[in-house]
Amino acid sequence: MNEIIKIEKSVIGQEEVNSVNAREIHEYLQVKTRFDKWIQRAIAKYDFAENIDFVAIDQKRPTAQGNTTTYKDYIVSMDMAKE
């Protein structure tokens, strides 16, 4: 059976849980809203809490101009992903 979205083990808070990358959910659902706005709206709507329901990780990536930019990835618990 193929996974639609990759499930991994991650530590959220002090517990190891099954989790997924919220960007993969966003992409799979083909959400038209920009990712950062979409995830912030979901966090607020469902009253999710960092280090309980998700962890936010700063990532760096190169830009077309040769600089780097920082963005956040969100690793979310399966309960959060279901919402």
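Residues numbered from 1 in each chain as written. Predicted model: local features only at pLDDT ≥ 70, side-chain atom pairs only at ≥ 80, totals over all residues. Heavy atoms only, no water.

## Some words on the pairing of strand β3 (residues 54-62)
What counts here: Each pair of strands is called paired provided DSSP finds at least two bridges between the two strands. Where helices and strands are cited, they refer to DSSP runs of H or I of at least four residues and of E of at least two residues respectively, numbered from the N terminus.
Note: β3 against strand β4 (residues 68-77), nine bridges, orientation antiparallel. Bridge pairing in β4 places Lys60 opposite Thr70. Adjacent in sequence and paired antiparallel, β3 and β4 are bridged by five residues, among which Gly66 carries a positive phi angle near 90°.

## Describing the pattern of salt bridges
Spelled out, the test is: One speaks of a salt bridge when a side-chain nitrogen belonging to Lys or Arg is within 4 Å of a carboxyl oxygen belonging to Asp or Glu.
Taken as a whole and assessed by the stated rule, the structure comprises four salt bridges. Lys6 is the salt-bridge partner of Glu8, the closest N and O atoms lying 3.2 Å from each other. Ionic pairing is found between Asp73 and Arg23, a salt bridge with its closest N-O pair at 2.5 Å. With Asp73 in strand β4 and Arg23 in helix α1 (residues 22-29), the pair connects residues that are 50 residues apart, well separated along the chain.

## Things to note about the nonpolar core
This is how it is decided: Nonpolar core, defined: a set of buried Ala, Val, Leu, Ile, Met, Phe, Trp, Tyr and Cys residues in which side-chain atoms within 4.5 Å join the residues together. Relative accessibility under 20% of the residue-type maximum defines a buried residue, over 50% an exposed one, and the middle range a partly exposed one, all with a 1.4 Å probe and only protein chains included. In what follows, residue pairs with any heavy atoms lying within 4.5 Å of each other are defined as contacts.
Residues Ala22, Ile39, Ile43, Phe54, Tyr74, Val76 and Met80 are the most contacted members of the largest nonpolar core, which totals 13 residues. Elements that contribute at least two residues to this core include exactly α1, α2 (35-45) and β4. In terms of residue count, the dominant contributor to this core is α2 (four residues). Setting aside anything within four residues of it in sequence, one finds Ile39 in contact with Ala22, Tyr74 and Met80.

## Comments concerning α1
Just so we agree on the cut-off: Directions pointing from the helix axis toward each C-beta atom define the arc.
If you check which residues of α1 are buried, you get Ala22, Ile25 and His26. In an axial view of α1, the angular spread of the buried residues amounts to 100°, which keeps them on one side of the axis. Packing partners of the buried residues in α1 comprise β2 (15-21), α2, β4 and α3 (78-82).

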